[in-house]
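Secondary and tertiary structure notes
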Amino acid sequence: MRDLEWQFREAPQAEATTERVRQQNERNLSAVEAMSRYGGAFIMTLAKCYRVANDTDRRRLFIAFQHEFAKYAGFHNLTLARQKYTENLRK
């Protein structure tokens, strides 16, 4: 009986962890898109690996290459800013 009580108490925590992982993966997708488009061979391959990995391996990739994900996460916003800037210059 105690085992069942323990499982029910731990289930919401496990669901919350899974939700946090899913949200982190969604935030990283914009970085992965920029990595696929603008990165070199290694970065493009890293993006491909991230796309096909399961949640555990995605977390490992993100931890190992946080600096690259951070670099390319801002890259998408920078690209949009450059596009708007050049459009304003043309007007």
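Presented here is a report on the structure given in the accompanying data block. (Residues numbered from 1 in each chain as written. Predicted model: local features only at pLDDT ≥ 70, side-chain atom pairs only at ≥ 80, totals over all residues. Heavy atoms only, no water.)

Its location among the elements puts E68 in helix α4 (residues 66-90). Accessibility expressed as a relative area gives 14% for E68, which makes it buried. In this structure the C-alpha to C-alpha distance between E68 and I43, which are 25 residues apart in sequence, comes to 8.0 Å. (Helix = DSSP H or I, 4+ residues; strand = E, 2+ residues; numbered from the N terminus. Buried < 20%, exposed > 50% of the residue type's maximum accessible area, 1.4 Å probe, protein only.)

Attention now moves to the pattern of salt bridges. Within this structure, the stated rule accounts for one salt bridge. Of the charged contacts in the structure, one is a salt bridge between D57 and R60, with a shortest N-O distance of 3.4 Å. Pair noted here: D57 and R60 are both in helix α3 (residues 55-64), with a separation of three residues, about one helical turn. Judged by relative accessible area, R60 falls into the exposed class, the value being 56%. (Salt bridge = Lys/Arg side-chain N within 4 Å of Asp/Glu carboxyl O.)

A separate point is the packing of aromatic side chains. Here the structure, examined in full by the defined rule, presents three aromatic pairs. Here the aromatic residues Y50, F62 and F69 are joined through ring pairs into a cluster of three or more. In this structure, R58 packs its charged tip against the face of Y50, placed 5.0 Å from the ring centre. (Phe/Tyr/Trp six-rings, centres within 6.5 Å; stacked < 30°, edge-to-face > 60°. Lys NZ or Arg CZ within 6 Å of the ring centre and 35° of its normal.)

By size, the foremost hydrophobic cluster in this structure holds 12 residues: A31, V32, A34, M35, I43, L46, A47, Y50, A53, L61, F69 and Y72. Among the elements of the structure, α1 (2-38), α2 (41-52) and α4 are those that each provide at least two residues to this core. (Core = buried A, V, L, I, M, F, W, Y, C linked by side-chain atoms within 4.5 Å.)

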